[in-house]
Structures are given as C-alpha cells and as structure tokens.
Amino acid sequence: MRHSISYHPATTRDLVGTSHLPLASENQRLGEFLAFKLGREEYGLPILSVQEIRSYEKPTGLARSSSDLLGVVNLRGVIVPIIDLRLRLRLDKAAYDAHTVVIVVNVAQRVVGLVVDGVSDVLTLQPEQMRPVPEMDSDFVSEHLLALGFVGDRMLILLNIEKYLVAALGTATRP
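Presented here is a report on the structure given in the accompanying data block. The model shown is predicted, which means the values in this text are computed figures rather than measured ones.

### Considering the overall build of the protein
Turning to step 1, where the next piece is worked out: Counting its secondary structure elements, the protein contains 3 helices and 11 strands.
Turning to step 2, where the next piece is worked out: In the protein, the order of α-helices and β-strands from amino to carboxyl end is α-β-β-β-β-β-α-β-β-β-β-β-β-α.
Turning to step 3, where the next piece is worked out: Every one of the 175 residues in the protein was classed for burial, and the buried ones make up 47%.
Turning to step 4, where the next piece is worked out: Pairs at least 24 residues apart make up 55% of the contacts formed inside the protein by residues separated by at least 6 positions.
Turning to step 5, where the next piece is worked out: Of the roughly 9600 Å² of accessible surface on the protein, a fraction of 52% belongs to carbon and sulfur atoms.

The structure is reproduced here in structure tokens:
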C-alpha cells in the first residue's frame, strides 16, 4: 500500500510510487524540501535526495545491529537499510501506524530508507525564508543542518541528510 501526501500548490510532481523524480533544472529545485514530522517537530529534506515515499512495512531484522537500524527491505531488487530517524536523532520511540512512512533517499551513492511519523508537503523556500542554524551546545553537529526554514508560522529543521547519514553510518553508506 502506498501513502498519499499533499503538496505545496506551486509543485505538481507526484513522489508516491516513483522510482525517480521528474527532470527539472537543478537551480530551480535547490530550494525545494520534502517536509515531514517527527513528534511535534517538522523537518525538511532536500527534494533532490528523495527517491520515493513508501508506506511503512516491517523490515527484516539484522542481528546485532544498532537500535535505530530496524532492518532491511527488498526494494525492486535493491536491499535497502531502514533507519528509524526518530531513534537516530535520539527522540522518543513512536508506535508505527497508518501515517508512518518511509522516505527512501539516495545518499553517497547508496539507497537508505528513513522511517518518519508522516510526510506533509513539498515546499519551495526562498533564501529569505531560511535562517542560519544558531550555535548550540548539542551532540548534533550543526553542519548536519542546512538551515531553519520558515513558511508562515511553520518552522522546519532542514537536514543536510547526505552529510548526516555519511557521518552517522560511516562506511555503511559508501559503495
């Protein structure tokens, strides 16, 4: 079963069920982000890193793996590790329900599935809608964040998912 999502009115692409995104100039898409929820917070991923969105299905577990690596799934012949992004970011564990989805991303020439609470829309953010990440005393390295994005009264934490996953998984994301 696929999960449908709503989109920002300025975008017309359908990510659900696609194995790749439609062609567009890279400059036109640099400010586009897929917005998703983890608990009460809203995050965003650069749309260029998103391969597809799938409904959550229980992956095949792997012995002695970290608690955030839920296992693997076979996605059209490609074995994809499935990571619970809530656990990876040290948030409270959530129950998997009908709204839980897997965002399949392509990072460092590797396909990885990210379990999130739900996906809301695709947003195009202009430079004036993004603010630098303030210096924080945190285990989370600020280079893993692109910026904080603002749309009306919404604030999104924009992840640099490629840098974050390469750092978090080490060689697991390298070919």
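### Remarks on the packing of aromatic side chains
Turning to step 1, where the next piece is worked out: Per the stated rule, a full pass over the model turns up 2 aromatic pairs.
Turning to step 2, where the next piece is worked out: Ring geometry for Phe-36 and Tyr-43: centres 5.7 Å apart, planes at 15 degrees, overall stacked. The residues Phe-36 and Tyr-43 share a single accessibility class, namely buried.
Turning to step 3, where the next piece is worked out: Here the aromatic rings of Tyr-56 and Tyr-96 are separated by 4.5 Å at their centres, their planes lie at 25 degrees, and the arrangement is stacked. Highlighted residues: Tyr-56 in the loop between strand 3 (50-55) and strand 4 (69-75) and Tyr-96 in the loop between helix 2 (85-88) and strand 6 (101-107), separated in sequence by 40 residues.

### Description of the environment of Tyr-43
Turning to step 1, where the next piece is worked out: One can find Tyr-43 in strand 2 (residues 41-46).
Turning to step 2, where the next piece is worked out: Put simply, Tyr-43 and Leu-159 are 116 residues apart on the chain and 7.1 Å apart in space, counted from C-alpha to C-alpha.
Turning to step 3, where the next piece is worked out: Beyond its immediate chain neighbours, meaning those up to four positions away, Tyr-43 contacts Leu-34, Ala-35, Phe-36, Leu-38, Leu-89, Leu-91, Leu-156, Ile-157 and Leu-159.

### Observations regarding the environment of Glu-128
Turning to step 1, where the next piece is worked out: Looking at where Glu-128 falls in the secondary structure, it is placed in the loop between strand 8 (118-124) and strand 9 (130-131).
Turning to step 2, where the next piece is worked out: Residue classification places Glu-128 among the exposed residues on the basis of a relative accessible area of 56%.
Turning to step 3, where the next piece is worked out: The spacing of Glu-128 and Phe-150 is 22 residues in sequence and 8.9 Å in space, taken between C-alpha atoms.

### Comments concerning the pattern of salt bridges
Turning to step 1, where the next piece is worked out: If you walk through the whole model with that rule in mind, you get 7 salt bridges.
Turning to step 2, where the next piece is worked out: A salt bridge links Glu-52 to Arg-76, with the shortest nitrogen-to-oxygen separation between them at 2.3 Å. Within this pair, whereas Glu-52 is found in strand 3, its partner Arg-76 is found in the loop between strand 4 and strand 5 (78-84), the two being separated by 24 residues in sequence.
Turning to step 3, where the next piece is worked out: Residue class for Arg-76 comes out exposed when judged on its relative accessible area of 51%.
Turning to step 4, where the next piece is worked out: Across the salt bridge formed by Asp-121 and Arg-154, the nearest N and O atoms sit 3.2 Å from each other. Here Asp-121 is found in strand 8, whereas its partner Arg-154 is found in strand 11 (residues 154-159), with 33 residues between them in sequence.
Turning to step 5, where the next piece is worked out: For Asp-121, a relative accessible area of 12% corresponds to the buried category.
Turning to step 6, where the next piece is worked out: Judged by its relative accessible area of 23%, Arg-154 falls in the partly exposed class.
Turning to step 7, where the next piece is worked out: Through salt bridges with shared partners, a single network forms among Glu-52, Arg-54, Glu-57 and Arg-76.

### Things to note about the sheet that holds strand 3
Turning to step 1, where the next piece is worked out: Here 5 strands make up an open sheet; going across it, the order is 3-6-7-5-4 and the pairing mixed. For this open sheet the edge positions go to strand 3 and strand 4, each flanked by a neighbour on one side alone. Each strand axis lies, on average, 30 degrees off the axis of its neighbour in the sheet, ignoring direction.
Turning to step 2, where the next piece is worked out: Bridge count for strand 6 against strand 7 (residues 110-116) is 7 bridges, and the pairing is antiparallel. In the sheet register, Ile-103 faces strand 7, and the bridge partner there is Leu-114.

### Let's talk about the sheet that holds strand 2
Turning to step 1, where the next piece is worked out: One open sheet holds the 6 strands; their spatial order is 8-1-2-11-10-9, and the pairing between them is mixed. Two strands bound the open sheet, and with one partner strand each, they are strand 8 and strand 9.
Turning to step 2, where the next piece is worked out: Relative to strand 2, strand 1 (residues 32-38) runs antiparallel, the two being bridged by 6 bridges. Bridging from a neighbouring strand, Ala-35 pairs with Gly-44 of strand 2.

Here is what the cut-offs are and how they apply
Residues numbered from 1 in each chain as written. Predicted model: local features only at pLDDT ≥ 70, side-chain atom pairs only at ≥ 80, totals over all residues. Heavy atoms only, no water. Helix = DSSP H or I, 4+ residues; strand = E, 2+ residues; numbered from the N terminus. Buried < 20%, exposed > 50% of the residue type's maximum accessible area, 1.4 Å probe, protein only. Contact = heavy atoms within 4.5 Å. Areas by Shrake-Rupley, 256 points an atom, 1.4 Å probe, with all protein chains shown as cover. Phe/Tyr/Trp six-rings, centres within 6.5 Å; stacked < 30°, edge-to-face > 60°. Salt bridge = Lys/Arg side-chain N within 4 Å of Asp/Glu carboxyl O. Pairing = 2+ DSSP bridges. Axes fitted to C-alpha atoms, helices over the stretch in contact; angles between N-to-C directions.

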